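Secondary and tertiary structure notes
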Amino acid sequence: MVMFKRRAYLKFIFVSGAILTIYGFIWPKAVLKNRYDFPIQKDESHIHVTTNSPPINEKSSNEEQTLQKEELRIHVLTNYPLMSEKPWNEGQTETNISRLWQRQEELEETLQKNLNHTLVTAVHLLVNQPLAEQRLGEQHFHNKHKIFVHRINALPKYRDFFDYVNDRLQNQLVVMMNMDIYIGEGFEMINKTFLAEYNTSYVLTRHGRQEKRCNMGGKLGYCGVSYFGSHDAYIFMLTQPLDESVLAELDYDMNVLGAENKLIWVLRNKMKRRLLNPCKYLKTYHNHCVDIHGSVRPRIDEEIDGKDGGVEPSGLTSKGNHLNKSFYYGQNFFIVQYIIITFWIG
């Protein structure tokens, strides 16, 4: 009788473990698949202009609380142009106003997706046109209160972005992206403590999917398709101010050929960052159906070794294609439980 009860009890544990294991794999995928399309929680009618406001500080008042225990807050950093106005309408492959406005709408759809993402606490936009800032104020974006506008005087350079992080986003989790990239699934797996302690940055290769105007999926150079050295999103935490010598290396336009290669070279050789590309786990999407590009694009990366300007797809903590240990063990806990119980019963 005792043996029968023990077997029944063990079978109950086994069935429960199996159900929870299946649930643990299926439920996160269903939830995370459309994380950036979740219902909007708040809508405000104004944007923030950062000219005179203090640096953002989200540290807990309890100094003993570790970064890992803090709520994950992502600061998206990108730029926002008005494509039909100077200087953005100069040197483009398209001069048709109607097409330029289609591209404008595409960029604003991308901005809205980033505003909608539940892990994004703020979207910081570098703006160099008064009319672009005016348009931002007039648009009825959901989660508009997340927008922080920072004025610059010319077309954005990488130095402008890192100057902004230096001054305003120290110790924050920053995702710096091109203006037609939005973040998708997997970002809840980012371990801020790991990035800070191991001086690691992520340089992500983009994905493609069905967008409003076309299907961006399956293109060459995209994550999971092929790797050509393309990178569009950079995830990092700046725990110490950057030296002027580093910032000087970043003083070049973003839209030149080889701009990303040069940035990766600076991250690796000047900032001494350990670089990983976990694009299979942290997904970003490219929204560029309206085929407009800059027509005049000089090359910037001739002086660096071509092999030093790329980071092939990797895991979250190493160059192997696997997840970090805490995530891996968490997902496989019930599988281990199943093996132990089966061995015991047998």
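Quick caveat, the model's predicted, so the values are computed rather than measured.

1. Section: helix α4 (residues 158-168)
The buried fraction of α4 amounts to eight of the 11 residues, a majority that puts the element mostly inside the structure. Inspection of α4 places Y158, R159, F161, F162, Y164, V165, N166 and R168 among the buried residues, and these make up the whole buried set.

2. A word on the environment of R299
Mapped onto the elements, R299 comes out in the loop between β10 (284-286) and α8 (325-331). Sequence separation between R299 and L257 is 42 residues; the distance between their C-alpha atoms is 4.4 Å.

3. Concerning the sheet that holds strand β8 (residues 233-237)
Ordered in space as β1-β4-β3-β2-β5-β8-β7-β9, the eight strands form an open sheet in which the pairing is mixed. Each end of this open sheet is capped by a strand with a single partner; those strands are β1 (48-49) and β9 (274-276). Two elements, strand β2 (residues 74-79) and strand β3 (residues 120-127), share six bridges in a ladder whose sense is parallel. Following the sheet pairing, I74 is matched in β3 by V120. Strand contacts of helix α2 (residues 97-116): β2, β3, β4 (147-151) and β5 (173-177), with the helix running at about 150° to β3, the strand carrying the most contacts. Set on the sheet, α4 makes contact with β2, β3, β4, β5 and β8; between it and β2 the angle comes to about 150°.

4. A few points about the pattern of salt bridges
If you walk through the whole model with that rule in mind, you get 13 salt bridges. Where R209 meets E185, a salt bridge forms, and the shortest distance between an N and an O atom there is 4.0 Å. Of the two residues, R209 sits in the loop between β7 (200-204) and β8 while E185 sits in the loop between β6 (181-183) and α5 (192-197), which places them 24 residues apart along the sequence. Assessed through its relative accessible area of 22%, R209 is described here as partly exposed. Each of E105, E109, K212 and R213 takes part in a single network of salt bridges with overlapping partners.

5. Quick look at empty space enclosed by the protein
Scanning the entire structure with this criterion turns up two cavities of 30 Å³ or more. Computed from the structure, the largest cavity encloses a volume of approximately 70 Å³. If you trace the largest cavity, you find 13 residues lining it, with T78, N79, L107, L111 and M179 closest to the centre. Of all the secondary-structure elements, those providing two or more residues to the lining of the largest cavity are β2, α2 and β3. Sorting elements by how many residues they give to the lining of the largest cavity places α2 first, with four residues. Here the lining of the largest cavity is built from residues that sort into nine nonpolar, four polar and no charged.

6. Let's talk about the side chain of E133
Among the structural elements, E133 can be located in helix α3 (residues 130-138). When neighbours within four sequence positions are excluded, E133 is seen to be in contact with I47, V49, V127, V149 and R151.

7. Considering the state of the cysteines
All told, the structure shown has two disulfides when counted by the stated rule. Each sulfur in the disulfide pair C214 and C289 lies 2.1 Å from the other. With the S-S dihedral at roughly -80°, the linkage between C214 and C289 falls on the left-handed side. Linking C214 in the loop between β7 and β8 with C289 in the loop between β10 and α8, this pair joins segments that are 75 residues apart in sequence. Judged by its relative accessible area of 21%, C214 is partly exposed.

8. Let's talk about a nonpolar patch on the surface
Taken together, the side chains of L220, V225 and F228 define a hydrophobic patch exposed on the protein surface, amounting to about 350 Å² of accessible area. Checked against the element boundaries, F228 lands in the loop between β7 and β8. In this structure F228 comes out as exposed when scored by relative accessible area, which is 60%.

9. Considerations on the environment of N255
Tracing the sequence through the fold places N255 in the loop between α6 (244-249) and α7 (259-269). Classification of N255 as partly exposed rests on a relative accessible area of 39%. Spatially, the C-alpha atoms of N255 and N178 are 9.8 Å apart, while their sequence positions differ by 77 residues.

10. Focus on the nonpolar core
Core analysis: the biggest nonpolar cluster contains 37 residues, and I74, L111, L136, I147, F187, Y202 and I235 have the highest contact counts within it. In terms of residue count, the dominant contributor to this core is β3 (four residues). If we skip the residues at most four places from it in the chain, F187 touches L72, I74, L119, V175, L204, I235, L282, K283 and T284. If you look at the next biggest cluster of nonpolar residues, it comprises 33 residues, including V203, V246, V256 and L267.

11. Comments concerning unusual backbone geometry
Most peptide bonds adopt trans geometry, and most residues besides glycine take a negative phi value. A cis amide bond, omega -5°, links K86 with the succeeding residue P87. For P87, the position within the fold is in the loop between β2 and α2. One non-glycine residue with positive phi stands out, namely N143, at about 55°. Looking at the element boundaries, N143 is found in the loop between α3 and β4. We classify N143 as buried; its relative accessible area is 6%.

Definitions and cut-offs
- Residues numbered from 1 in each chain as written.
- Predicted model: local features only at pLDDT ≥ 70, side-chain atom pairs only at ≥ 80, totals over all residues.
- Heavy atoms only, no water.
- Buried < 20%, exposed > 50% of the residue type's maximum accessible area, 1.4 Å probe, protein only.
- Helix = DSSP H or I, 4+ residues; strand = E, 2+ residues; numbered from the N terminus.
- Pairing = 2+ DSSP bridges.
- Contact = heavy atoms within 4.5 Å.
- Axes fitted to C-alpha atoms, helices over the stretch in contact; angles between N-to-C directions.
- Salt bridge = Lys/Arg side-chain N within 4 Å of Asp/Glu carboxyl O.
- 1 Å grid on protein atoms, 1.4 Å probe; cavity = no way out; pocket = protein on both sides within 12 Å on 5 of 7 lines; lining within 4 Å.
- Points joined across faces, edges and corners; volume = space filled by probe spheres on them.
- Nonpolar A, V, L, I, M, F, W, Y, C, P; charged D, E, K, R; others polar.
- Disulfide = S-S within 2.5 Å.
- Patch = residues over 30% accessible without salt bridge, like charges linked within 9 Å, V, L, I, M, F, W, Y side chains within 5 Å.
- Areas by Shrake-Rupley, 256 points an atom, 1.4 Å probe, with all protein chains shown as cover.
- Core = buried A, V, L, I, M, F, W, Y, C linked by side-chain atoms within 4.5 Å.

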